[in-house]
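# Coordinate analysis (summary)
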Amino acid sequence: MRAWQVGELGLPREVMRLVEDARVPVAGEGQLLVKVRAVAVNFPDALMCLGMYQVKPPLPFTPGVELCGELPSGERVIGNPVAGGGAFAEYALLDARALFPAPPALDDAEAAALHIGYQTAWFALHRRAALRAGETLLVHAAAGGVGSAAVQLGKAAGATVIGVVGGPHKAEVARQLGCDVVVDRKSEDFVAAVKEATGGRGADVVFDPVGGDAYTGSTKCIAFEGRIVVVGFTSGTIPAPPLGHALVKNYSVLGLHWGLYNTKDPAAVRAAHDELTKLAEQGVVRPLVSERLAFEQAADGVQRVLEGQTTGRVVIEL
Ligand SMILES: NC(=O)c1ccc[n+]([C@@H]2O[C@H](COP(=O)([O-])OP(=O)(O)OC[C@H]3O[C@@H](n4cnc5c(N)ncnc54)[C@H](OP(=O)(O)O)[C@@H]3O)[C@@H](O)[C@H]2O)c1
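Nothing here was measured: the structure is a model prediction, and the numbers come from that model.

Thresholds applied
- Residues numbered from 1 in each chain as written.
- Predicted model: local features only at pLDDT ≥ 70, side-chain atom pairs only at ≥ 80, totals over all residues.
- Heavy atoms only, no water.
- Domains from an automatic or database assignment.
- Contact = heavy atoms within 4.5 Å.
- Buried area = accessible area lost by both parts, 1.4 Å probe.
- Salt bridge = Lys/Arg side-chain N within 4 Å of Asp/Glu carboxyl O.
- Axes fitted to C-alpha atoms, helices over the stretch in contact; angles between N-to-C directions.
- Helix = DSSP H or I, 4+ residues; strand = E, 2+ residues; numbered from the N terminus.
- Parallel < 35°, antiparallel > 145°, perpendicular 65-115°, else oblique.
- Phe/Tyr/Trp six-rings, centres within 6.5 Å; stacked < 30°, edge-to-face > 60°.
- Buried < 20%, exposed > 50% of the residue type's maximum accessible area, 1.4 Å probe, protein only.
- Pairing = 2+ DSSP bridges.

### Section: the domain arrangement of the protein chain
Under the domain assignment used here, the protein chain contains domain 1 (3-114 + 287-317) and domain 2 (120-259). Of note, the centres of domain 1 and domain 2, computed from C-alpha atoms alone, are 27 Å apart. Domain 1 puts 10 residues into the contact, and the matching count from domain 2 is 13 residues. Both faces considered, domain 1 and domain 2 share a buried interface measuring about 740 Å² in area, 58% of it formed by carbon and sulfur atoms. By the criterion of area lost to domain 2, the three top residues of domain 1 are Phe-43, Leu-288 and Thr-311, representing 46% of everything that side buries. Seen at the junction of domain 1 and domain 2, the total is zero salt bridges.

This is the structure in structure tokens:
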């Protein structure tokens, strides 16, 4: 089969190689072989190429952490392939317990983009931060993959959503996603903008996939009893904050590692999938697929996600 492989660590565009005669993986116990139809590119695909992600598959490996595929029965499914035997290939292995029906309301590319981003945003907002209707939600990288999902789910939960983005094009995308207020971090001070939008009170919940200055600024505009959900560090800087500040201002810092729920509380992941399927049917959420690329363009797509140039999800279609 055709598959992308990473044989040495480095930038995606340099180390991802398209192999024509890769072996079709053989399903082990509890696994299913899926014919891949669409793969959503995620920031961790790039981090894995660089050897900078928490999961470090042995070389060579095939990247690609989420897909929409087809079972031999023809049923469309979505999910995360087993580590190392990734989705950028004609066939991939999935753990039977971590496989979900693709929502009929979504096409293959949209369905592929529903899983990680929306599950992560769902667990961040509802399970970790207990977001309530009427609260103010601040979303960093609001036009990005997980960020765009957090915007849509925040609006669906009845929150006022402030989106922070880098640049005018992303600002327009964030507005279309439903943000009530959009701040371009490249030309505006988001701390001042959040204070102004909330009458000085600050944001009740912060969804932060960026870290660095985004995290530090968030602590300056977090409301009394606010909750900051730490989702990722696309800025490249992992904050090491002074805890005295959290004490003095009465806010919480909540870590989120969504993948852990697949083993710690799989029923909650399935329940979230059912809710997301309903919201997709109602048209309340719709994954933003900004680009649909051919299989041969996968390395370029992963590289551009790493460089922060993309909006929503870039999806590779097979
Ligand atoms: N905790 C979890 O369970 C979990 C689950 C899924 C994903 N994540 C994490 O969430 C993060 C986002 O993943 P994603 O796939 O949705 O990516 P993404 O948000 O689509 O892309 C990254 C975005 O980060 C922003 N950014 C800010 N500074 C940047 C910099 N120096 N370089 C590159 N980008 C920068 C950019 O948006 P602006 O220019 O608009 O700021 C960029 O578009 C990743 O760190 C990923 O590992 C965590």
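### Structural notes on the packing of helix H2 (residues 43-50) against helix H12 (residues 298-306)
The geometry of H2 relative to H12 is characterised by a closest axis approach of 8 Å and an angle of 100° between their N-to-C directions. Between H2 and H12, the crossing angle belongs to the class labelled roughly perpendicular. Residues Phe-43, Asp-45, Ala-46 and Leu-50 of H2 form the contact with H12, whose participating residues are Val-302, Val-305 and Leu-306.

### Details of the packing of aromatic side chains
Applying the stated criterion across every chain yields a total of two aromatic pairs. Judged by centre distance (6.5 Å) and plane angle (65°), the ring pair of Trp-4 and Phe-295 falls under edge-to-face. One end of the pair, Trp-4, is in strand S1 (residues 3-6); the other, Phe-295, is in the loop between strand S13 (289-294) and H12, with 291 residues separating them in the sequence. Assigned by exposure class, Trp-4 and Phe-295 land together as buried.

### Brief notes about the sheet that holds strand S12 (residues 252-255)
Taking strand neighbours across the sheet as the criterion, the six strands line up as S9-S8-S7-S10-S11-S12 in an open arrangement whose pairing is parallel. The sheet terminates laterally at strand S9 (181-184) and S12, the two strands that pair on one side only. Between one strand axis and the next, the sheet turns through 20° on average, direction left out of account. Looking at chain direction, strand S7 (residues 136-140) and strand S10 (residues 203-208) are connected through three bridges and run parallel. By the bridge assignment, Leu-137 is partnered in S10 with Val-205. Strands strand S8 (160-165) and S9 of the sheet are contacted by helix H6 (residues 168-177), whose axis makes an angle of about 165° with S9.

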